[in-house]
Amino acid sequence: MIDGKRILFSGMQATGTLTLGNYLGALKNWVSLSDEYECFYSVVDLHSITVRQDPAELRKRARNLLTLYIAAGLDPKKNCIYYQSHVSGHAELAWILNCFTYMGELNRMTQFKDKIAKHSDNINAGLYTYPVLMAADILLYQADVVPVGRDQLQHLEITRDIAQRFNGVYGEVFTIPEPYVGKAGARIMSLQDPTKKMSKSDDNLNASIFLMDDRDAIIRKFKRAVTDSEAAVRYRDEQPGIKNLIEIYCACNGRTPEEAEKEFEGRGYGDFKLAVGESVADVLRPVQERFHELIRDKAYIDSVIKENGEKANYYAGKTLRKVQKKVGFPERIR
Ligand code: TYM
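Here we summarise the structure given alongside this text. (Residues numbered from 1 in each chain as written. Predicted model: local features only at pLDDT ≥ 70, side-chain atom pairs only at ≥ 80, totals over all residues. Heavy atoms only, no water.)

## Some remarks on the site of the ligand
Stated formally: For this description, a residue counts as near a given molecule or strand if any of its non-hydrogen atoms is within 4 Å of it. Throughout this description, a polar contact denotes any pair of N or O atoms lying within 3.5 Å of each other; where both atoms belong to protein, one of them has to be capable of donating a hydrogen while the other can accept it, and for residues adjacent in sequence the pair is counted only when both atoms sit in side chains. Surface accessibility follows the Shrake-Rupley procedure with a 1.4 Å probe radius. Residue values consider only the protein chains on display as shielding. Buried and open spaces are told apart on a 1 Å grid over the protein atoms alone, a cavity being a set of points where a 1.4 Å probe fits but cannot get out and a pocket being an open set with protein on both sides within 12 Å along at least five of seven lines. Residues with an atom within 4 Å of a point are the lining residues. Whether a molecule sits in a cavity or pocket is decided by its atoms, more than half of which must lie within 2 Å of the grid points.
Residues in close proximity to the ligand total 26 residues, the closest being Tyr130, Asp137, Gly149, Asp151 and Ile188. Contact distances for the ligand include 3.2 Å between an oxygen atom and a side-chain N or O atom of Lys200. Summarising the interface, the protein chains cover 96% of the accessible area of the ligand, which totals 710 Å² for the free molecule. In this structure, the ligand is accommodated by the largest pocket.

Now the structure itself:
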């Protein structure tokens with residue numbers, strides 16, 4: 001608890017351009033939860049270097065992402081929006097937690113298996129221990145809740161296991177975090193292959209809606225979305241393309257799948273796809289406008305980075321000192 005409020009932590013990678021999946025699965029929920037909790041939202045640049053990055057590009061993307069958090073509606077006076085690399089406690093705690101994590105557990109991580117298949121030329125230890133760093137992110141702030149898309153649930157489970165194991169040895173050091181997954185949008189699928197999740201790194205540009213896509217591009221991509229020959233807007237597993245579009249539609253305008261089915265009963269896919277494209281464009285437009293305004297205000301963004309970086313370091317330091325003492329590191333002489 002901080003000032004009587006429960007604590008929330010979440011983060012995103014600054015690799016690639018954010019997709020509609022990142023927005024509907026995570027960022028949108030962050031905004032809706034931000035009044036209720038004391039929130040920490042990190043741009044997780046330490047995680048990004050598990051795959052090769054161009055340094056200038058990574059720096060630029062990290063700044064864009066931090067700005068996008070604000071543009072999406074997170075007030076940096078109330079929410080701690082910061083770079084993971086500015087708080088050394090993440091890496092320090094990750095090391096300690098590495099010593100409380102079994103290789104057998106890490107071997108089971110599906111994201112690791114996917115990543116090594118994709119980056120077979122660079123299977124580094126960072127990719128392998130990625131979930132431990134993620135556990136450190138969360139536990140460092142004693143987070144009660146972690147809003148994520150469904151693809152991150154396995155990492156949340158290992159975080160809880162590591163925390164419980166540590167607490168089992170040293171007493172109640174860490175809060176055990178709960179995942180928060182929104183009702184709609186928790187797993188947005190590719191528009192070209194609805195059996196795959198929508199991803200920043202998809203080679204097919206029509207497969208993903210990017211947060212900065214303009215209205216025409218958004219509508220064009222939805223027009224081309226892969227569907228089926230059933231000619232019925234129904235929310236069911238047998239029609240994965242249409243199901244995904246309904247999911248997106250509902251996440252954008254708060255309707256239920258039943259309401260969407262009723263609205264488009266007897267109407268063609270063309271009408272439906274256009275309506276989905278328009279609701280997505282309407283949701284993204286204000287975020288894009290605000291982003292373009294904010295990114296020009298260098299002094300303001302710099303002040304957010306500085307003030308929130310200090311705040312994050314303060315809370316991270318408190319947990320880290322406690323953990324260091326518990327495991328037996330000598331106290332500092334001041
Ligand atoms: P990342 O950067 O891949 O994704 C950021 C968030 O977006 C969600 N997401 C999706 N949700 C629905 N449909 C999709 N197609 C989709 N694609 C992505 C993700 O679930 C995530 O919530 N390891 C994390 C970043 C991270 C983190 C953390 C998250 C590092 N430390 C601590 C929470 C807490 C990652 O790579 O997310």
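## Brief notes about empty space enclosed by the protein
Stated precisely, the cut-off is as follows: Grid points are joined across faces, edges and corners, and a volume is the space filled by probe spheres set on the points. A run of DSSP states H or I qualifies as a helix once it reaches four residues; a run of E qualifies as a strand once it reaches two. Both are numbered from the N-terminal end. Each residue gets one label: Ala, Val, Leu, Ile, Met, Phe, Trp, Tyr, Cys and Pro are nonpolar, Asp, Glu, Lys and Arg are charged, and the others, such as Gly, are polar.
One pass over the structure, following the stated rule, counts one cavity of 30 Å³ or more. By volume, the largest cavity is sized at about 50 Å³. Around the largest cavity sit Gln111, Phe112, Lys115, Leu127, Tyr130, Pro131 and His155, which together line it. Where the lining of the largest cavity is concerned, the elements lending two or more residues are helix H6 (110–118) and helix H7 (125–140). Partitioning the lining of the largest cavity into residue classes produces four nonpolar, two polar and one charged.

## Concerning the pattern of salt bridges
The line we're drawing: Here a salt bridge means any side-chain nitrogen of Lys or Arg lying within 4 Å of a carboxyl oxygen belonging to Asp or Glu. For every residue, the accessible area obtained with a 1.4 Å probe (protein chains only) is divided by the maximum for its type, and the residue is called buried under 20%, exposed over 50%, and partly exposed between those limits.
Taken as a whole and judged by the stated rule, the model has 21 salt bridges. A salt bridge links Arg215 to Asp282, with the nearest nitrogen and oxygen atoms 3.0 Å apart. Highlighted residues: Arg215 in helix H9 (residues 215–223) and Asp282 in helix H12 (residues 269–295), separated in sequence by 67 residues. Taking relative accessible area as the criterion, Arg215 reaches 34% and is therefore assigned partly exposed. By sharing partners, the salt bridges in this structure join Arg63, Lys298 and Asp302 into a single network.

## Some details on helix H10 (residues 240–253)
What counts is decided by this rule: Residue count minus one, scaled by 1.5 Å, sets the expected span of a helix. Here, two residues are considered to be in contact whenever any of their heavy atoms come within 4.5 Å of each other.
In this model H10 runs 20 Å from its N-terminal to its C-terminal C-alpha over 14 residues, within 8% of the 20 Å that 1.5 Å per residue would give. The buried fraction of H10 is high, at eleven of 14 residues. Taken as a whole, H10 has its buried residues at Gly241, Ile242, Asn244, Leu245, Ile246, Glu247, Ile248, Tyr249, Cys250, Ala251 and Cys252. Those residues of H10 that are buried lie in contact with helix H1 (20–33), H9, helix H11 (257–263) and H12. Immediately downstream of H10, the backbone of Gly254 shows phi near 75 degrees, a positive value.

## What about the side chain of Gln239?
Mapped onto the fold, Gln239 is located in the loop between H9 and H10. Among the polar contacts listed, one links the side chain of Gln239 to the side chain of Asp228, at a separation of 3.3 Å. Residues in contact with Gln239, not counting those within four places in the same chain, are Asp228, Glu230, Ala232, Arg234 and Tyr269.

Without other data, these values stay purely geometric and don't point to any function.
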